[in-house]
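Structural description and commentary
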Amino acid sequence: MQVFDYEDIQLIPNKCIVDSRSECDTSIKFGPKTFKIPVVPANMQTIIDETLAEKLAANDYFYVMHRFEPEKRIDFIKDMNRKKLFTSISVGIKEEEFNFIDQLVAENLKPDYITIDVAHGHSDRVIEMIKYIKNNLPNSFLIAGNVGTPEAVRELENAGADATKVGIGPGKVCITKLKTGFGTGGWQLAAIRLCAKAASKPIIADGGVRNDGDIAKSIRFGADMVMIGSLLAGHNESPGKVIEKDGQKYKAYFGSASQYQKGEYKNVEGKRMLIPYKGEIKDTLNEMQQDLQSSISYAGGKDLKSLRKVDYVIVKNSIYNGDVY
Ligand SMILES: NC(=O)C1=CN([C@@H]2O[C@H](COP(=O)(O)OP(=O)(O)OC[C@H]3O[C@@H](n4cnc5c(N)ncnc54)[C@H](OP(=O)(O)O)[C@@H]3O)[C@@H](O)[C@H]2O)C=CC1
Ligand SMILES: Nc1nc2c(ncn2[C@@H]2O[C@H](COP(=O)(O)O)[C@@H](O)[C@H]2O)c(=O)[nH]1
């Protein structure tokens, strides 16, 4: 099997067919709605909260609300409904989460998107949850994950998932690969390619994006949407306080399976780090859009589809040569 990751690949330019990068269309239809860019902030407690979710939804960005304050989900959905904004929530797979689905049905609440968010998504319990949600809320667009193999993608799709989320252990605050020896860390882009080839429904590439160009690479290898944590952490709108250290401003970013999230040191597969404060998230999202427009122009097209066909070379670990900005 040929394995590679984001930093090992360079896409090869085609002749440009636009007069300005602004002609390039970065929009993506994903489920029932169309979004400005194929990017979704990670459903983690240091990345998204209700206020940011509202802002993103109102500005045509996709979001997935995290599941770590379960008691707030019903009010969140009602609030977004009142504001006529789309709803996108996460669930786990413990017994109380099945009861939560019952509660949604009882209150006639129908989220537009539901994401099943567990570390090891290729399991009978996840399949049971997919079937439960599809039986009870058939019109919610259901994302299931995380997985890292073609077999898992097929099995979750066959159970009824409308999209699958690919990425076991490539995240910036992830220590799964170190603690367990398993995952797609170090070859996430190749795993996306394998999974996308097996998929008959959309794929979300989740974790490991370190530069805006990695978004174009994800799409080249079959992703429809890209979930991003660290690059979208550290903003004004990111949950949590600004931390001052040695005259520099930071915000905390921690894993959903970290001790900070869990409140205890048990089955820990995540860590915490400080991210330099980056200002307003809209500026970062605008830059991502501009960079993606530029990617499309290098692909010789006018929309995201054109990225899918470009040639590439594998330049194993050589391209950065220490380049960071
Ligand atoms: N994308 C990634 O690489 C990873 C992401 N995460 C994130 O961390 C958060 C917590 O994840 P998770 O621990 O799944 O959520 P939960 O703590 O809600 O666990 C879900 C259920 O699955 C069980 N479970 C979890 N992992 C395994 C496993 N490897 N084998 C068998 N059963 C298991 C748990 O039981 P028990 O706890 O008793 O085992 C629990 O009953 C999620 O947000 C997830 O996305 C975590 C690790 C990797
Ligand atoms: N192994 C772990 N993975 C985690 C944890 N918390 C979140 N995640 C995953 O990381 C991505 C974000 O990755 P990034 O490279 O963009 O920062 C996120 O969407 C989850 O899939 C964790 O504690 N352990």
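Presented here is an overview of the structure given in this document. On a predicted model such as this, the values are computed, not experimentally measured, just so you know.

Considering the sheet that holds strand 10 (residues 225–228)
Spatially, 4-10-9-8-7-6-5 is the arrangement adopted by the seven strands of the open sheet, whose pairing is parallel. Either end of the sheet is taken by a strand with one partner, and the two such strands are strand 4 (39–41) and strand 5 (88–91). Across the sheet, the mean angle from the axis of one strand to that of its neighbour is 25°, orientation sign disregarded. One ladder, built from four bridges, connects strand 7 (residues 141–147) with strand 8 (residues 163–166); its direction is parallel. The partner of Gly145 across the bridge, within strand 8, is Lys165. Where helix 5 (residues 150–159) meets the sheet, it contacts strand 7, strand 8 and strand 9 (203–206), and its direction lies at approximately 155° from that of strand 7.

Side note on the nonpolar core
Taken as a class, soluble globular proteins show a tendency for nonpolar side chains to be buried jointly. Of all hydrophobic cores here, the largest spans 94 residues; its most connected members are Phe30, Phe62, Tyr63 and Ile116. Looking at which element gives the most residues to this core, the answer is helix 10 (residues 281–299), with six residues. Residue contacts for Ile116: discarding those within four places in its chain leaves Val91, Ile93, Val126, Met129, Ile130, Ile133, Leu142, Ile143, Ala144 and Gly145.

Notes on unusual backbone geometry
A cis amide bond, omega 0°, links Gly145 with the succeeding residue Asn146. Checked against the element boundaries, Asn146 lands in strand 7. Of note in this structure, Asp246 is not a glycine but carries a positive phi near 50°. Here Asp246 lies in the loop between strand 11 (243–245) and strand 12 (248–254). Assessed through its relative accessible area of 74%, Asp246 is described here as exposed.

Re the pairing of strand 8
A two-sided burial pattern is seen for strand 8, the buried positions comprising Ala163 and Lys165 on one face and Thr164 and Val166 on the other. Pairing of strand 8 with strand 9 involves three bridges; the strand directions are parallel. Residue pairing across strands places Val166 opposite Ala205, the latter belonging to strand 9.

Concerning the site of ligand 1
Taken together, 16 residues lie around ligand 1, and Arg67, Asp117, Ala119, Gly167 and Gly169 are the ones closest in. Separating an oxygen atom of ligand 1 from a side-chain N or O atom of Asp117 is a distance of 2.6 Å. Separating a nitrogen atom of ligand 1 from a side-chain N or O atom of Asn146 is a distance of 3.3 Å. Looking at the shell around ligand 1 residue by residue, the class counts come to six nonpolar, six polar and four charged.

Quick word on empty space enclosed by the protein
Overall, the coordinates contain one cavity of 30 Å³ or more when judged by the stated rule. Approximately 40 Å³ is the volume found for the largest cavity. Taken together, Glu50, Met65, His66, Glu69, Lys72 and Arg73 make up the lining of the largest cavity.

Focus: the pairing of strand 7
Taking burial as the measure, the seven residues of strand 7 include seven buried ones, the bulk of the element. Pairing geometry for strand 6 (residues 113–117) and strand 7, over five bridges, is parallel. Across the sheet, the residue bridging to Ile114 is Leu142, located in strand 7. For the segment spanning strand 6, helix 4 (residues 124–136) and strand 7, crossover handedness is right-handed. Handedness of the β-α-β unit built from strand 7, helix 5 and strand 8 comes out right-handed.

The rules behind each value
Residues numbered from 1 in each chain as written. Chains lettered and ligands numbered in written order. Predicted model: local features only at pLDDT ≥ 70, side-chain atom pairs only at ≥ 80, totals over all residues. Heavy atoms only, no water. Pairing = 2+ DSSP bridges. Helix = DSSP H or I, 4+ residues; strand = E, 2+ residues; numbered from the N terminus. Axes fitted to C-alpha atoms, helices over the stretch in contact; angles between N-to-C directions. Contact = heavy atoms within 4.5 Å. Core = buried A, V, L, I, M, F, W, Y, C linked by side-chain atoms within 4.5 Å. Buried < 20%, exposed > 50% of the residue type's maximum accessible area, 1.4 Å probe, protein only. Near = heavy atom within 4 Å. Polar contact = N/O pair within 3.5 Å; in protein donor to acceptor, adjacent residues only side chain to side chain. Nonpolar A, V, L, I, M, F, W, Y, C, P; charged D, E, K, R; others polar. 1 Å grid on protein atoms, 1.4 Å probe; cavity = no way out; pocket = protein on both sides within 12 Å on 5 of 7 lines; lining within 4 Å. Points joined across faces, edges and corners; volume = space filled by probe spheres on them. Right-handed = clockwise from strand over helix to strand, strands pointing away.

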